[in-house]
Amino acid sequence: MKARTAPRRLPDQVFAYALLVPAFAFLVLFTVKPLVSTVLSSLRDRRDEGPTLDNYRFLAEDEVFRKALVNNLLFSALTVPVSLALAMLLAVLLQRALRGKALLRAGVFAPAILPVVAIAVIWLYFYQPNIGVINEVLGWFGITGPDWLGDTALVLPSLMAMMVWKEAGFFMIFYLAGLQAIDPELDEASRLEGTGRFTHFRRVTFPLLMPTTLFAAIVALADSIKMVDFVFVMTQGGPDNSSNLLLYYIYRVTFAQHWPQYGAAISLLVIGVLVALAVLQIRLLDRRIHYR
Amino acid sequence: MDRIVSWPDRVETALAWLAGLLWTAPLLYVFVRAFESGTADLSSAWQAAPFGRYYLNTALLVTGITAAQLVVGVLAAYAFARFEFPLRGPLFVFVLVQLMIFPEVLMSENYRTIAGFGLLDTLPGVGLPYVASAFCVFFLRQAFLGVPDELVEAAQIEGTSRLGILWKVFVPAAKPSIVAYALVSISTQWNNFLWPLIVAVSDETRPVTVGLVRFLAPETGLDVPRMAAGTVIVTAPLLALFLIGQRQFINSFLRSGIK
Amino acid sequence: MSLSPRTRALAAAALALTAVAGCSSASGGPGGDGGKDGAVSIDFYYPDQVGTLSALIDGYLKDFAKEHPEIKVKGVYSGDYDQTLAAVNTAIDARKAPALAIMDQSFMHDLVERKAVTAWNPFLTSDADKKWKDGFYPQFMSNSVGADGQVWGVPFARSTIVQYWNKDYFKKAGLDPEKPPTSWDELIADARAVQSGAGAKWVLFVPTSTGTAYWLYQALVQQAGGDGALSDRAGTKVTVNSDQNVKALEFWASLGAQKIAPTTEVAWGTSTDDFLAGTTGMLWTTSGRIGSIQEKAGFDWGVSALPAGAGKGAPTGGGSLMLFEAGVSRKQQEAAVTLARFLTTPERAADVSIKSGYIATSEAAWNTEAMQTYLKQHPQARAPHDAVADAIPEMATPDRDRVVYQTLAPALQAVLLKGADPRQALNKAQSDIDAILKTHR
């Protein structure tokens, strides 16, 4: 019997590569090529002549950069764990049968889908020292509220609080999914054994949520570096650079000061740190996934 | 067995309600202020800036980018999930690393690339850098990995082509993940501000986020009803969509199995 | 690569969407000259730093369209001065610069250095042209004319710093409500009275936010008897650590120490709202806010020139019209000049002043009937105009963002908000600024 003429078929391997072409085309164009250009640009001076290490020399002495770096480290180091912790707590609270559960979940989640700039405008008003709502409410209790955004010591924590408020709801969904995947029998078993609620959470739930936590942590970390929109709206990096963040500084240097070469040097540093963190997290995550 | 409502239960319930209230209070306040003079503030805000145009831009951007991301992502995820080929591991790590090297951190060079294509101040100029999404590839690969081998074998026996298998077996099986991803991408792109700020300078291309900031011009002082009205205009559609599709949204996340 | 029909369709749809979006949204840049009927199209970028300007400009553009149907103007509102600069820069990079834009004049050095702007001189050939240019108050031209006589900008909405005070508080404190303080000593004395007698939370707001602190500082330096301009004409030499500079900053810091002003940042944008809400009894800010204060004040208020000391005068501010070149043809620039002439006639300048609080840009504008009638009903508007006689140029250097926002402003804020030593902070700022400017000589 004559075999049906099969259409000419690419070998599997070649086919796989072909599938990857669109993705890699865009990655090369908008990640690899710019990355290479950034490296080259960082080695040129303001008149675009080079190569020179001047930008990096300047980076080592730049106080504003140092401030932005410290601010970012604080920002990420605090908002990521706090958002995740709150998200976990909220997920546990809003998972059990509860009247109005859907409404509550919606309320907590809503800020997560709103534009950061809209939230920034809202909170800019709330944080006004003399005419804003927060201090007005505090005034009812006889407390003089501080200048949340105008005090160099308070501005960063105020911004962090706002970000946590926005993001916790988003990660709550991650945890709700994670909780759903936990075998309810475990809950039963604990109850029968008389294990306290909190111990059950600590010994059973929390460890089982680790994969979720790791994944959410990657997203949260990227977000904490990426989201600088509120700086544009609320503080423009001030006062005295106490709310200056790296990505915002890169924007100012590149677009407001017309110094793309120095901006490139700063960007590379930021990318270096981000990649190192990413590789670390991926190793952890991958191990976790394979372990399961 | 009836559960006696115990004290810990009551505390938990109270905490849950407290949290819910704390979280929604700011938004509720804004909505109340926006409507305090009826719809006057809303209509004057709507007329003060071309919000209709801003919305159109946002809608086009958001659907265009998400669609493109899914097309590109589905193909790449298929490759990573179901095929063996040299360098598969390193290439996948390469894609993942892009999770951290997002377009904004390369803003200067991406700006030059887009300018070089003559796409400054156009919607494609805003959207193109986002088309390759590591998150999408990762997420869909997870979903594809979970598809049972039997389904694939059955299709192969029938003689379906590899792309046919992708379309007929994998994509339907991963639908919850695709929907979840699409929703996340839509809301992420809806909220995008910095890159559009740099690239979309005129009213014809501004999305709603940039338009809002221009409209409010915070540097000119705070007019609370105006600010509230503008914020409501920008956020109400998103919130409405969310409230309607909330169950779907959350459920698709839950079913997609981010674990 | 062969794709299944469905995938093909999906990809095509995605591409089509973005293509459609692209076509329908391409800004078309400055358009072109010589349409079917010889029409010229130009882009016009403008900011609004006070909240009243964009509506006015929209109206003028409509009038312009009626008078000059052969010129199509696309007005683009771009935020505040800094945002407008960023938008214009992007347009320049796209080779689609606006033919005309309203810019903060202190950006002049940066723009000239990057060859982004065109001088007006070649377009001012006739006597009528020269009369138009010379009619503007010289104080408003001081930031727009290069050392070589090149004219880079023409005043549109100009301002200076003035002192607003709450007359009701003054009355309550037992002070003469018609007599604002005219010297530093009077200022402190009045402040103490208002604090104890009128129960105002704060007495004087002098904005200290990053984008504007330098401007207020200029005024204080002038009052202390120093050179308030801070920068020289060419923009290459800046002095911020002379004795008068230090004295000015010390005085400013003393306001916080005496609880007359807060020791946290006084934001530019909301300082007017705070004044209107009665949070502060006095406010030093742009004369451009007169419009909104007039509209919204629920109390009796006044406006005067700033107090004087060994010296007097305040820096000018506001926006001027500038011509840009990237991708702009000669014909479009001529159209831009026509638009600029239209926007700056005495009648319109008076209108801008009346409706927004910016200062009439020329004597002719000041003398128009509309302006004089307005003054009879609103005598307060005299004060800003009278203050112009003593006005000094705004601080202007190349690399302005780095020098002013990133070096000088944080130095000032460190002293005012964190108690740093004024002389040390200014010495450091001086050496930092010198280092930056050295690279531009």
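Refer to the structure printed above.
Residue indices follow the written sequence of each chain, beginning from 1 at its first position. Here every chain gets a letter starting at A, and every ligand a number starting at 1, in the order they are written. In keeping with the model being predicted, local features are shown solely for residues with a pLDDT of at least 70 and side-chain atom pairs are shown and tallied solely at 80 or more, while totals for entire chains, interfaces and linings include all residues. Heavy atoms throughout the structure, all of them, feed into the side-chain values; hydrogens and water do not.

A. Here's a closer look at the overall build of chain C. Secondary structure elements are taken from DSSP: a helix is a run of H or I of four residues or more, a strand is a run of E of two residues or more, and numbering for both begins at the N terminus. Within chain C one finds 19 helices and nine strands. Along the longest, intermediate and shortest principal axes, the C-alpha atoms of chain C span 80 × 60 × 50 Å. Exposure classes here rest on a 1.4 Å probe applied to the protein chains alone. A residue is buried below 20% of its type maximum, exposed above 50%, and partly exposed in between. By residue count, 63% of the 441 residues in chain C fall in the buried class. In chain C, the proportion of contacts linking residues at least 24 apart, taken out of those at least 6 apart, comes to 77%. Accessible surface, chain C as shown: approximately 16,000 Å² in total, 54% of it carbon and sulfur. Counting rule applied: Lys, Arg positive; Asp, Glu negative; His and chain ends not counted. The atom standing in for a charge is NZ when the residue is Lys, CZ when it is Arg, CG when it is Asp and CD when it is Glu. Here chain C contributes 42 positively and 47 negatively charged side chains, and the mean placements of these two sets differ by 4 Å. The contact criterion used is simple: two residues touch if any of their non-hydrogen atoms lie within 4.5 Å. Here the open area of atoms and residues is found with the Shrake-Rupley method and a 1.4 Å probe, where only the protein chains shown may cover a residue.

B. Inspection of the overall build of chain B at higher detail. Summing up its helical and strand segments, chain B has 13 helices and zero strands in all. Listed by position from the N terminus, the elements making up chain B come as α-α-α-α-α-α-α-α-α-α-α-α-α. Its C-alpha atoms give chain B a radius of gyration of 23 Å, more than 25% over the compact-globule value 18 Å for 259 residues. Judged by the C-alpha coordinates and their principal axes, chain B covers about 70 × 70 × 30 Å. In chain B, buried positions account for 62% of the 259 residues. Intrachain contacts of chain B at a sequence separation of at least 6 include 78% that bridge at least 24 residues. Accessible area for chain B stands at about 10,100 Å²; split by element, carbon and sulfur atoms hold 66% of it. Positive and negative side-chain charges of chain B, numbering 17 and 17 respectively, have mean locations separated by a distance of 4 Å. The globule rule used for comparison is 2.2 Å times the number of residues to the exponent 0.38, while the radius of gyration itself is calculated over C-alpha atoms.

C. View of empty space enclosed by the protein. Site definitions follow a grid-based scheme: protein atoms alone, a 1 Å grid, a 1.4 Å probe that fits but cannot get out for cavities, and for pockets an open set with protein on both sides within 12 Å along at least five of seven lines, plus lining residues having an atom within 4 Å of a point. Grid points are joined across faces, edges and corners, and a volume is the space filled by probe spheres set on the points. Evaluated as defined, the whole model comprises nine cavities of 30 Å³ or more. Its volume calculated, the largest cavity comes out at about 810 Å³. Every residue lining the largest cavity is counted, 37 residues in all, and those nearest its centre are Asp223(A), Lys226(A), Val184(B), Thr188(B) and Gln189(B). Only helix H4 (101-113), helix H7 (155-180) and helix H10 (210-226) of chain A together with helix H7 (134-145) and helix H10 (175-190) of chain B provide two or more residues apiece to the lining of the largest cavity. Per-element tally for the lining of the largest cavity: the top contributor is H10(B), with six residues. Put simply, Ala, Val, Leu, Ile, Met, Phe, Trp, Tyr, Cys and Pro go in the nonpolar bin, Asp, Glu, Lys and Arg in the charged bin, and everything else, Gly too, in the polar bin. Residue composition of the lining of the largest cavity, by class: 22 nonpolar, nine polar and six charged.

D. Focus on the nonpolar core. Phe230(A) and Met234(A) are the most contacted members of the largest nonpolar core, which has 193 residues in total. Take this core: its biggest share by element is 18 residues, from helix H3 (residues 51-82) of chain B. To form a nonpolar core, buried Ala, Val, Leu, Ile, Met, Phe, Trp, Tyr and Cys residues must be joined to one another through side-chain atoms within 4.5 Å. Within the second largest apolar cluster, 60 residues are counted, among which are Tyr77(C), Ala119(C), Ala340(C) and Val352(C).

E. Representation of the interface of chain A and chain B. Chain A puts 103 residues into the contact, and the matching count from chain B is 91 residues. By buried area we mean the combined loss of accessible area, with a 1.4 Å probe, across both parts when two parts are placed together. Between chain A and chain B, a total of about 8,900 Å² is buried, with carbon and sulfur atoms accounting for 79% of that surface. In terms of surface lost to chain B, no three residues of chain A exceed Leu19(A), Phe30(A) and Ile113(A), which account for 8% of the buried area on that side. The working definition used for a salt bridge is a side-chain nitrogen of Lys or Arg within 4 Å of a carboxyl oxygen of Asp or Glu. On the surface where chain A and chain B come into contact, there are one salt bridge.

F. Structural view of the pattern of salt bridges. Counting across every chain of the model gives 25 salt bridges over all chains. We note a salt bridge from Asp240(A) to Lys67(A), for which the minimum N-O separation is 3.6 Å. Of this pair, Asp240(A) sits in the loop between helix H11 (229-234) and helix H12 (246-256) while Lys67(A) sits in helix H3 (residues 63-93), and the two are 173 residues apart along the sequence. One connected set of salt bridges, linked through shared partners, spans Glu63(A), Lys428(C) and Asp432(C).

G. Main features of the packing of helix H8 (residues 149-157) of chain B against helix H9 (residues 162-173) of chain B. All names here are of chain B. The contact between H8 and H9 brings their axes to 10 Å, and the two run at 145°. Between H8 and H9 lies a crossing whose hand is right-handed. On H9, the residues touching Leu-151, Val-152, Ala-155 and Gln-156 of H8 are Ile-165, Val-169 and Phe-170. For the contact of H8 with H9, a count of residues per class yields six nonpolar, one polar and no charged. A fitted line through C-alpha atoms represents every axis, and for helices the fit uses only the stretch in contact; the resulting angles, taken between N-to-C directions, go from 0 to 180 degrees. For any helix crossing, the convention is left-handed if the near helix is rotated counterclockwise from the far helix by under a right angle, and right-handed if that rotation is clockwise.

H. Region of interest: a nonpolar patch on the surface. Residues and elements named next belong to chain B. A contiguous nonpolar patch, built from Trp-7, Val-11, Leu-15, Leu-18 and Leu-22 and spanning about 550 Å² of accessible area, is present on the exposed surface. Mapping Trp-7 onto the fold places it in helix H1 (residues 7-34). Residue class for Trp-7 comes out exposed when judged on its relative accessible area of 64%. By definition, no residue in a patch forms a salt bridge, and every one has over 30% relative accessible area; like charges are joined within 9 Å, nonpolar side chains (Val, Leu, Ile, Met, Phe, Trp, Tyr) within 5 Å.

I. Structural detail: the environment of Ala267(C). As for its placement among the helices and strands, Ala267(C) is situated in the loop between helix H10 (243-257) and helix H11 (268-276). Taking the C-alpha atoms as reference points, Ala267(C) and Val206(C), 61 residues apart in sequence, are found 8.9 Å from one another.

J. The environment of Ala360(C), seen in detail. All names here are of chain C. Along the chain, the position of Ala-360 falls in the loop between helix H14 (346-356) and helix H15 (363-366). Along the backbone, Ala-360 and Ala-261 are 99 residues apart, and their C-alpha atoms lie at a distance of 31 Å. Aside from chain neighbours lying at most four places away, what touches Ala-360 is Tyr-137, Phe-140, Ser-353, Ala-365 and Trp-366.

K. Region of interest: the pairing of strand S3 (residues 100-104) of chain C. All names here are of chain C. Counting buried residues in S3 gives five out of five residues, a clear majority hidden from the surface. Where S3 meets strand S9 (residues 316-324), five bridges bridge the pair, whose relative direction is antiparallel. Bridged to Met-103 within S9 is Ser-320. Note: two strands are recorded as paired if DSSP finds a minimum of 2 bridges between them.

L. Summary view of the packing of H7(A) against H10(A). All names here are of chain A. The contact between H7 and H10 brings their axes to 10 Å, and the two run at 160°. Taken together, the axes of H7 and H10 lie roughly antiparallel to each other. Considering the relative orientation of H7 and H10, their crossing is right-handed. Two secondary-structure elements touch here, H7 through Glu-167, Phe-170, Phe-171, Phe-174, Tyr-175 and Gly-178 and H10 through Thr-212, Thr-213, Phe-215, Ala-216, Val-219, Ala-220 and Asp-223. Working definition: roughly parallel below 35 degrees, roughly antiparallel above 145 degrees, roughly perpendicular at 65 to 115 degrees, and oblique for all remaining angles.

M. Structural view of unusual backbone geometry. The peptide bond linking Gly50(A) to Pro51(A) adopts the cis configuration, its omega dihedral lying at -5°. Mapped onto the secondary structure, Pro51(A) falls in the loop between helix H1 (12-42) and helix H2 (54-61). Even without being glycine, Gln236(A) reaches a positive phi, approximately 50°. Relative to the elements of secondary structure, Gln236(A) occurs in the loop between H11 and H12. Residue Gln236(A) is classed as partly exposed on the basis of its relative accessible area, which comes to 38%. Despite not being glycine, Asp399(C) has its phi angle at roughly 55°, a positive value. Relative to the helices and strands, Asp399(C) resides in the loop between helix H17 (382-387) and helix H18 (400-418). Relative accessible area serves as the criterion here: at 3%, Asp399(C) is assigned to the buried category.

N. Main features of the environment of Ser362(C). Residues and elements named next belong to chain C. Checked against the element boundaries, Ser-362 lands in the loop between H14 and H15. Given a relative accessible area of 7%, Ser-362 falls into the buried group. Beyond its immediate stretch of four places on either side in the chain, Ser-362 contacts Gly-135, Phe-136 and Tyr-137.

O. Layout of the side chain of Glu265(C). Among the secondary structure elements, Glu265(C) is positioned in the loop between H10 and H11. As a buried residue without a salt bridge, Glu265(C) has its nearest oppositely charged side chain in Lys418(C), at a separation of 11 Å.

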